[in-house]
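Inside the fold
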Amino acid sequence: MNKVFLVLMLFITANTFSQEKKTANAGVFQFESETIDYGKIKKNSDGNRSFIFKNVGTKPITINKVKGSCGCTVATKPNKPVMPGETAEIGVTYATNRVGGFSKTITITSDASEARKVLRVKGIVLKEESNVTKSVVSVTE
């Protein structure tokens, strides 16, 4: 049993060292926020937002792909590598023509220390008020 424990400890130590070494020789994402909360927004309002990040690692970050969890969430990536110390953004557009609450993800694939990073957008798109409702409200005020 002691041999099994020793082998297991060596494997864990080697794996941890390998991960630390990979992080030390890679770009590292540092996001201002990993969630964008649109809050309550009107139907068909501006759905464009940005995730701002800084590369706090020692190597450039090349983002290979950004993908929304559905067709209603479209993300854009920087076209060139993000150098150490440099700030960049992941653009995101949510289709605000869909009424109701939403919670979607954007998955980033890159050569950073965290090769797969998941960001989140959420909010509520409000139903348009009808003219009848607006008239009633203004009469009662």
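Above this note sits the structure.
So, here is what we can say about the structure in this document. As the structure is a computational prediction, the values presented were derived from the model and not from experiment. (Residues numbered from 1 in each chain as written. Predicted model: local features only at pLDDT ≥ 70, side-chain atom pairs only at ≥ 80, totals over all residues. Heavy atoms only, no water.)

Quick word on the overall build of the protein
In terms of helices and strands, the protein carries 2 helices and 8 strands. Counted from the first residue to the last, the protein has its helices and strands arranged as α-β-β-β-β-β-β-β-β-α. Pairs at least 24 apart in sequence give 66% of the contacts found in the protein among residues at least 6 apart. Put simply, the protein shows about 9,400 Å² of open surface, and 55% of that area lies on carbon and sulfur atoms. (Helix = DSSP H or I, 4+ residues; strand = E, 2+ residues; numbered from the N terminus. Contact = heavy atoms within 4.5 Å. Areas by Shrake-Rupley, 256 points an atom, 1.4 Å probe, with all protein chains shown as cover.)

With respect to the sheet that holds strand E5 (residues 73-76)
Strand order in the open sheet made by the 4 strands is E1-E3-E6-E5, with antiparallel pairing throughout. The sheet is open, and its two borders are formed by strand E1 (29-31) and E5, each paired with just one other strand. Sheet twist, expressed as the average angle between the axes of neighbouring strands with direction ignored, equals 30°. Bridge analysis of E5 against strand E6 (residues 87-94) gives 4 bridges, and the strand direction is antiparallel. Residue pairing for E6: Thr73 is matched across the bridge by Tyr94. (Pairing = 2+ DSSP bridges. Axes fitted to C-alpha atoms, helices over the stretch in contact; angles between N-to-C directions.)

Here we look at the side chain of Thr107
By the element assignment, Thr107 lies in strand E7 (residues 100-110). By relative accessible area, Thr107 is classed as buried at 17%. Once residues lying within four places of it in the same chain are set aside, the contact partners of Thr107 are Lys65, Val66, Lys67, Arg116, Lys117 and Val118. (Buried < 20%, exposed > 50% of the residue type's maximum accessible area, 1.4 Å probe, protein only.)

A closer look at the sheet that holds strand E8 (residues 116-126)
The strands making up a sheet are joined through hydrogen bonds of the backbone, oriented either antiparallel or parallel. Taking strand neighbours across the sheet as the criterion, the 4 strands line up as E2-E8-E7-E4 in an open arrangement whose pairing is mixed. In the strand order of this sheet, the two ends are held by strand E2 (35-42) and strand E4 (63-68), each with one partner. Each adjacent strand pair in this sheet contributes to an overall mean axis angle of 15°, direction not counted. Across 10 bridges, the pairing between E7 and E8 is antiparallel. Note that in E8 the partner of Phe102 across the bridge is Gly123.

A look at the environment of Val74
Turning to its location among the elements, Val74 is positioned in strand E5. Sequence-wise, Val74 and Tyr94 are 20 residues apart; in three dimensions their C-alpha atoms are separated by 6.6 Å. The contacts of Val74, once residues within four sequence positions are left out, are Gly91, Val92 and Thr93.

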